[in-house]
Structure formats: C-alpha cells, structure tokens
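Residues per chain are reported as follows:
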Amino acid sequence: MKIKYKITVILLLVFSLVQAQGRMITGNVKDANGEPLPGCNVSIENELNRSLSGTMADFDGNFRMNLPSGDNFFIVFSFIGYKTEKITYTGQVSLNVVLKEDNVTLEDVTIVAERGGKNSLGLTQKELVTATQTFNMDVLENAPTTSIEDALQGRMAGVDIISGGDPGSRSSIRIRGTASLNANQEPLIVVDGVPYPTTINNDFNFNTANDEDFGALVNISPADIQSIEVLKDAAATAVWGSRGANGVLIFTTKKGSKGKTRFTFTSRFDVKKEPNTIPMLNTDQYITLIQDGLYNAYKDVGYAAGYDVLNSLNNEKEIAFDPLYVYFDEYNQETNWLDEVTQTGFTTDNSFSISGGGDKATYRVSLGYLNELGTTKGTGFERFSSLISVNYRFSDRFRVTSDFSFSESGRDSYWTGSGVSSPRGEALNKMPNMSPYVIDDNNTRTEEYFTPYENFQGSWSDNKMYNPVAMVNESKNRTVGRNARAVFTAIYDITKDLEYKGVLGLDMRTTKNKRLLPNVATGVRLVDSQSNLSSDNLSDNMYFYTENRLLYRKVFAQKHSLVLTGIFQTNEARNASYASSSSGTPSSSLADPTGGAAVSGLGSGNSLSRSVGFISNAHYTYNERYTVSAGYRYEGNSAMGKDTRWGGFATLGTAWHFGEEGWAKQLIWLNEGKLRLSWGQSGNPPGGSYPYVGSFSALSQNYITMTAIQPSSMQLDNLKWETVTQTNLGIDLDLFRRKLHITADVYDKLTSDMLHKDVNIPSSTGYEKVNWYNSGSMSNKGIELILGYDVIRNKDWGLRFDVNMARNINEVID
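Residues numbered from 1 in each chain as written. Predicted model: local features only at pLDDT ≥ 70, side-chain atom pairs only at ≥ 80, totals over all residues. Heavy atoms only, no water.

## Some words on the overall build of the protein chain
When helices and strands are counted, the protein chain shows 10 helices and 37 strands. Within the protein chain, the fraction of its 814 residues that count as buried is 46%. Counted over contacts in the protein chain with a minimum sequence separation of 6, partners at least 24 positions apart contribute 68%. On the protein chain, roughly 41,500 Å² of surface is accessible, and the fraction owed to carbon and sulfur atoms is 55%. (Helix = DSSP H or I, 4+ residues; strand = E, 2+ residues; numbered from the N terminus. Buried < 20%, exposed > 50% of the residue type's maximum accessible area, 1.4 Å probe, protein only. Contact = heavy atoms within 4.5 Å. Areas by Shrake-Rupley, 256 points an atom, 1.4 Å probe, with all protein chains shown as cover.)

## Quick notes on a nonpolar patch on the surface
On the surface, Tyr-620, Tyr-622, Tyr-626, Trp-656, Trp-663, Leu-675, Leu-677, Leu-729, Val-746 and Ile-783 cluster together to form a nonpolar patch covering roughly 910 Å² of accessible area. Elements that contribute at least two residues to the nonpolar patch include exactly strand E26 (598-622) and strand E29 (670-684). If you trace the backbone, Leu-729 turns up in strand E32 (residues 722-735). (Patch = residues over 30% accessible without salt bridge, like charges linked within 9 Å, V, L, I, M, F, W, Y side chains within 5 Å. Salt bridge = Lys/Arg side-chain N within 4 Å of Asp/Glu carboxyl O.)

## Describing empty space enclosed by the protein
Applying the stated rule across the entire model yields 6 cavities of 30 Å³ or more. If you add up the space inside the second largest cavity, you get close to 70 Å³. What lines the second largest cavity is a set of 14 residues, among which Lys-430, Thr-451, Pro-452, Asn-455 and Tyr-466 lie closest to the centre. Tallied by class, the residues present in the lining of the second largest cavity amount to 7 nonpolar, 6 polar and 1 charged. (1 Å grid on protein atoms, 1.4 Å probe; cavity = no way out; pocket = protein on both sides within 12 Å on 5 of 7 lines; lining within 4 Å. Points joined across faces, edges and corners; volume = space filled by probe spheres on them. Nonpolar A, V, L, I, M, F, W, Y, C, P; charged D, E, K, R; others polar.)

## Here we look at the sheet that holds strand E3 (residues 51-56)
Strand order in the open sheet made by the 4 strands is E3-E2-E5-E6, with antiparallel pairing throughout. Across the chains shown, the open sheet's two edge strands, defined by having one partner strand only, are E3 and strand E6 (85-88). Pairs of neighbouring strands in the sheet enclose a mean axial angle of 20°, with direction left out of account. Judged from the 4 bridges that link them, strand E5 (residues 74-78) and E6 form a sheet pairing that is antiparallel. The residue bridging Phe-74 from the neighbouring strand is Thr-88, located in E6. (Pairing = 2+ DSSP bridges. Axes fitted to C-alpha atoms, helices over the stretch in contact; angles between N-to-C directions.)

## Quick word on the environment of Pro-468
Take Pro-468: it is sitting in helix H8 (residues 468-474). Taking the C-alpha atoms as reference points, Pro-468 and Pro-423, separated by 45 residues in sequence, lie 4.8 Å from one another. Setting aside residues no more than four positions away along its own chain, Pro-468 makes contact with Trp-337, Val-341, Pro-423, Glu-426, Ala-427 and Lys-430.

## A few points about the sheet that holds strand E12 (residues 194-196)
Strand order across the open sheet formed by 5 strands is E8-E13-E14-E11-E12, with mixed pairing between neighbours. Two strands in the sheet have a free side with no partner beyond their single neighbour: strand E8 (132-136) and E12. Strand-to-strand twist in this sheet, taken as the mean axis angle between neighbours without regard to direction, amounts to 25°. Here 6 bridges tie strand E13 (residues 225-231) to strand E14 (residues 248-253), and the two strands are oriented antiparallel to one another. Within E14, the residue paired with Val-230 across the bridge is Leu-249.

## Some thoughts on the pattern of salt bridges
Overall, the coordinates contain 36 salt bridges when judged by the stated rule. Notably, a salt bridge pairs Arg-268 with Asp-270, separated by 2.8 Å at the nearest N-O pair. You can call Asp-270 buried: its relative accessible area is 18%. With a shortest N-O distance of 3.1 Å, Arg-509 and Asp-507 are connected by a salt bridge. By relative accessible area, Arg-509 is classed as buried at 18%. Asp-507 sits in the buried class, given a relative accessible area of 5%. Each of Arg-399, Asp-493, Glu-499 and Arg-549 takes part in one network of salt bridges that share partners.

## Thoughts on the side chain of Asn-477
Looking at where Asn-477 falls in the secondary structure, it is placed in strand E22 (residues 476-493). Look at Asn-477 and you get buried, because its relative accessible area is 4%. Polar side-chain contacts of Asn-477 include one of 2.9 Å to the side chain of Asn-513. (Polar contact = N/O pair within 3.5 Å; in protein donor to acceptor, adjacent residues only side chain to side chain.)

## Considering helix H4 (residues 283-305)
The principal kink in H4, of about 70°, is found at Lys-299. All buried positions along H4 are accounted for by Thr-283, Tyr-286, Ile-287, Leu-294 and Tyr-298. Of the surrounding secondary structure, the elements contacted by the buried residues of H4 are helix H5 (307-315). Sitting at the head of H4, Asn-282 places a side-chain oxygen 3.3 Å from the backbone nitrogen of Asp-284. (Bend = angle between axes of the 7 residues up to and from the residue.)

## A look at the pairing of strand E1 (residues 24-31)
Two faces make up the sheet, and in a regular strand the side chains alternate between them. Here 5 bridges tie E1 to strand E4 (residues 62-66), and the two strands are oriented antiparallel to one another. By the bridge assignment for E4, Met-24 is matched with Asn-66. Of the strand pairs in this sheet, E1 and strand E7 (residues 94-99) are connected by 6 bridges, and their pairing is parallel. The residue of E7 that forms the bridge with Lys-30 is Val-98.

## Quick notes on H5
Because an α-helix completes one turn every 3.6 residues, residues spaced three or four positions apart along the sequence face the same direction. Within the sequence span of H5, burial applies to Leu-310, Ser-312 and Leu-313. Burial along H5 is one-sided: seen end-on, the buried residues are contained in an arc of 155°. Of the exposed residues in H5, those oriented more than 90 degrees away from the buried face are Asp-308 and Asn-314. On its buried face, H5 sits against H4. (Arc of directions from axis to C-beta.)

## Side note on the side chain of Asn-433
Within the element layout of this structure, Asn-433 appears in the loop between helix H7 (423-429) and strand E20 (437-439). Of the polar contacts made by the side chain of Asn-433, one reaches the backbone oxygen of Glu-318; its length is 2.9 Å.

## A short note on the environment of Ser-582
Tracing the chain through its elements places Ser-582 in strand E25 (residues 560-583). Using a relative accessible area of 1% as the deciding quantity, one classes Ser-582 as buried. It is 9.4 Å that separates the C-alpha atoms of Ser-582 and Ser-531, two residues lying 51 residues apart in sequence. At a separation of 2.8 Å, a polar atom in the side chain of Ser-582 contacts the side chain of Ser-534.

## Some remarks on the packing of H4 against H5
Relative to each other, H4 and H5 sit at 145°, their axes nearing to 7 Å. Regarding H4 and H5, the two cross each other, and that crossing is left-handed. Contact residues: H4 offers Gln-291, Leu-294, Tyr-295, Ala-297, Tyr-298, Tyr-303, Ala-304 and Ala-305, while H5 offers Tyr-307, Val-309, Leu-310, Ser-312 and Leu-313. (Left-handed = near helix turned anticlockwise from the far one by under 90°.)

## A short note on the packing of aromatic side chains
Here the structure, examined in full by the defined rule, presents 22 aromatic pairs. A ring pair is formed by Tyr-622 and Tyr-626, whose centres lie 6.4 Å apart and whose planes are at 10°; its orientation type is stacked. You can call Tyr-622 partly exposed: its relative accessible area is 30%. Taking relative accessible area as the criterion, Tyr-626 reaches 39% and is therefore assigned partly exposed. (Phe/Tyr/Trp six-rings, centres within 6.5 Å; stacked < 30°, edge-to-face > 60°.)

## A look at the environment of Ala-484
Note on placement: Ala-484 falls in strand E22. Sequence separation of Ala-484 and Met-508 is 24 residues, and the distance between their C-alpha atoms is 5.3 Å. Once residues within four sequence positions are removed from consideration, Ala-484 is found in contact with Ser-405, Phe-406, Leu-506, Asp-507 and Met-508.

Shown next, in the form of structure tokens:
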C-alpha cells in the first residue's frame, strides 16, 4: 500500500508540472507597417503593476512565454518609440499585437515653471515655512566650473565661499556667518539623502596636516549634480540634527529617465593667467631703500646704540657692491621672484554619460576626467569620477533606487613645513638682487639652486627663509584619495496616504599622503635634523548611515491638509590613521621610515563615533492659506558625556499665503505671495571621538620597575551642547506672470554655551588645560534679498537676470 501511495503522489506531481508547463502563450509583435519589432519587451504584471515574468521578441518579432498560475494579470508590450500596449489575460493561447508609434506633435506651447518637488519632510516648496533656496545646475551647463564650490560662488544669498588658491584645495563655506569660535563651522553636505562627511576628525593627526591637503568639498563632478538646495535657518536644518547646525547643502545627482538611450559628452578647455600683482622694487630701488633705512636708523639712535646697525650697513656683502665677494654675481641680479614661481595654468574637463530606461527601470551611467594645472608651479589636480544610478519600480507601491559612485583624485602641491609662508608669500619678500640659481663665471645661471645657509634676510632656522623657486620645483606633497559611495533607497506605499522610506548609505574613503621638504630649498646642512624632512601618512574612513521614515499626507474636506513625518536616523563613523615623519630622506618616494632615514615622529590613531536621532514633524494647512508647522528632534551623540549625551531641539513655523486671498487674486500682477515666520534650535557637539573622557599618559620616569603615569586630560561629564537659536522672517513673491521672483529674509541667530577648545587653567588643579569648555555667546544678525527676472521667455530662447544681496553682522557678546 505504501508503494502504491508513493507512486500516486509522484504521478500527481508530474501531472501538475506538465500542466504548469502547458500554460504558455505565443505570438508576434509588429509595427503599423507590418515590420517585426525584435527586442520588444513582453512582460506579465499583476493589478499593482508588479512584474511577474517577462521575455523579449526574437528577430522576427515572435515571442514565447510561460504563464503564472491564476488569471488576474495583464500582458504588457513595450518598445522604445512606441506606445505601450496593456492587454488583460482572458485565457489566450496566441496573441498578435500591433504597436503604434509614440509620436507627439507640439505646435505652440508655453511652459510656466513653478517651484515644486517635495523635501525630506514631504513638503512642497509652496508649503515650506522655512528659509531655503534651490539652485538648478542646468544653468551652469557651459560655465567653467570644476568644483561644487565654483558653481555656488556668488549664487546664493547668505552663503560665503572662500576658495583655496591651488587646484584641489579645500574651500571654506559659511552659511549666515560664523556661529562658533571652536566647534565645526562647515555646513552639512547631503548627497542623495545621505550625509556626506567633509571634515577630518580631531583625532586625525598627520603632523602639520590641514584640511586643504585632503581634497575638495565633495569629490564628484559638477556635471553629475542636478540641483543644490541650501537650508539656512534652524527650523529647516532641524531634520539633520547637530550636523546641520551650520546650515545644510543638499545635492541631488542626475538620474535616468524613460525613453530612448541618450548619450551625452562634454569637453572643456580653460586657460588661466593671473593679473599683474602689486608693483615691486627693482634691484637698485631695493638696495637704496635698505641702505637708507639702515643709515637713518643709525643717525636716529646714535653711534653707541646703533653700532650693530652701522655694522650691517658696512659689512653686509649682500647689499654692498663688492666685486671681491664670493657671491657677488648671485647678489647682483634682477630677479622677479613671483614670475619665477608662477606659470600659465589650464584645465581640461571631460564627462560622458549614458541614460535611458523603460516602464520599470531607468538608469544613468557617467564617467568624468578632470586635469587641472595650477598657476603656481608644482601644483595640479587630477580626478577620475564615475557614477551609476539605477531606479527600478517593482509595482505601483514599491520602488527602489540605488546609486554607486567611485572617484580617485591626485593632488600635487608644495610642502613648506609648519608655520611657514607659501612660496608666493616668500617670493614677495625675497631680495630682487638675489638669484634663485648659482651663477657661473660667464654670469649665466646654472641648474644648481642658490640657497645659502644664512644671508642678510635670515635663515631657515630662525626666520624660516627659503628659496621659493627650489620649493615649488623640488618639494613634494602628493595626496591620493579614493572614495567609494553606495546609497540604497526603498519606498513602499503602505496605503494611499502612508508612505515608508528606508535609506542605507555607505561611504568609504582612503587618503594617502607623501611629503618631502628638501634642503636645497631650506639651505640647511645635510647633518641638520631638518634636512630633507619627509612624512608618510595614511587615513582610512568608513561612514555608515541609515534612515527609516514614515510619511502621512492627507487632505480632509478639500480644505484641511495634514502632513505628519516620523524619522529615525543613525550614523556611525570609523576612522583609522597612521603617520610617520623622518629626516635625511633621499627622495619623496622613500618617505616611509623603513627607508633608512632618521625617524622623528611615529603614531597611529583609531576612533569611533556614533549619533542617533528621532525626528517628528507636523504640518497643517487650512484652505491653502494658513500654515502651521511644529517639529522636535531628540538626539544622542557619542561626543557627549552620559549625563548630557541626549539633547532635544524644537522648531516652530507659520506662513500666510496671502496670494490665495480673494483680494489678492484680483491683482493681476501678483501670482504668488507668502509671508513666513520660523523659530528653531539646533545643537553642536564638540569634535573628536569621546572628547569628554579623561585620559592618562606615561612618564619617562618609572616607579621601581613599573611605568609611571600621570593624568593628561580632565573628565568632562558636565560638558553641554552648544545651542544655536534662530528666528527668521521672510517673504516670497512671484509677480507679472511669474517673470519676477523676490525673496527677502531677516534673521537673528544666537549661539549660547559656546564651545571653547584647550582652555588654560591653573596648574594647581593638576591639569594645564581643559579640552572643551562651555562659555560665552555669539550673535549673527542679517538680511538677505534674492531677485530673479525673466526678461525673455519663449520656446526659442530666454534671457534671465539673477541678483542676490546679503549682509551679516557678527558679534561676540560674551
């Protein structure tokens, strides 16, 4: 009986499998002219437009496809350039389809642009009660910009950018002034919904390294940026917590769109030449000036007090015409030192992208290569960037976006050591009668640098004087950075009014830096401890970000609009670094201490920091006229002690859309008018990993056979958040058929419990200083005005003027 039972089950399974394989449909796909459409996509979708299976038509337009169980589904035919055909399945076994071309003829169309889109809280631009400004990068499609900082320069009110002079150098950005003395002042950068780390951790110690040596603000090509939005006031930045206390810049990269595959290639070549600098003295003028200055100083103080001055006037061979002096030729030249260290720079920027997609998936792939030669000799920047963006819609309710990017950059510069002026500054100070090179007996320059150990202007050991020409040609400062970023976003519509969004972001970067300060530039002897200084540095960083968001949006009785948002964010940063320095190094390629040089410094670091934030926001609008918004963020940061680790920050805002009032609609010149008022708070933690923790250090003396230790930093359990409170009053106007747009804002920003770093205290406490200390307050008050006017706007071409003005008054109150 058991054997018969097993045979029966097997036969039933085989019958079911055969029956399932028998549910098949075949057919043919052609166009209106009867030509087959090879490669036509044939798919099966359910009632939620979710794809269940699919195939493609062959060279003759024929297709063959298995059908799923059940009968409640559709057969969809789609092909680029043709209208999609969606047919309900009613038991067909064979299906022949003719697709019509998707041609649309437009005769006379007038396009009126209105600010739309939704932010991370699900609000449109019209519904916002905060101070924000959006800039579309399409305006700069043909502009000579190689970085994001160049693109933003002067285009946003209240956003000040101080660009670095050398290629690839870091720029400083301030939104509505400086709000702190010691805490981080840079705005938060958000790329595709994920915070982009732009600062170096305080635990990072690359000897004399600074931010400028480790790349630009966002190491991606401006050609991949679709738009940039700046969040200015505390009510707008609250969703990003403490990291957004100094303002937020939100970058949205370009995505693919449905339609035919599109190829785009852009190439640009720029030449950079500096204008003439301030007039400089020639050799005769300089020597006369120095001699007169010394003589006048001697006459002023008299013989007894002015003996040293008189001695310099009579015995300094560098400023005296003495043909018997061994370096007479080297100190009787006509040298324009600035011309010796500068050059004509150029920039080549190339980008290539491919984009397209169908009903389900869209994609965009881009590659970019930038090569920039600086106007200072020895400086340059090279960047390779790539970006892949894929959007896939599984159904009407569920869609996924994935973005992958990789960039590698190399920056070349000079290294002058710590606390030393740049070669340009040194060139402006250098004696014009002095030669950069050794002069031979024929009064001709040789290839040997002229860098005496000590001369009339001083030496490297005391005044840090050096040969700037040798510095730009022979010193090395090579920084190679690699950055890989992945962002996954999933959106699911739980109901028609309730949406879930999940974001997962991963950012990994490695920075490698090698430096050499040669003695041909400094003039020190080979046995000197500063001869051929070198350093070898490495930094590995990983940033992990998650966000879970629920968004509820509902309109009641066509007059009441309610938007509720709940967000949970986590952020983790891991940093590891290594640094070494040595002297007597024969080459920058041998900067590693294993190369045999004398090691002068060696160290490493490893740090971890985390933050968690809970955000809630409610936004209510009545009859599209009156809006009230309230939010609260509860945040924890590992940089704070256990008693003050968690902080709460509230926001309030209201807006009156007076352009929707009956009396305003009678004004034909007024298209939109909004008056808004917002108030909010945000917190700023101290920099570094666990800076509140007290630490100990080892002493050189031992206690018997044990290592002696001493306290080196104080435990800071009462360290508080630096709090920024901001009030903003603004107005938005669209006039004359939306040709003229006006935005004006007045703000008052107060920073309290300011964070001070390394505060000296009496040594009787057992410590010399406190790492961080809360003290004082600072005020930033200002106004902003943005004007945009479309002079000409039609289907053929347009002309637009944009003007912005801002004033900020910064005051340290106490």
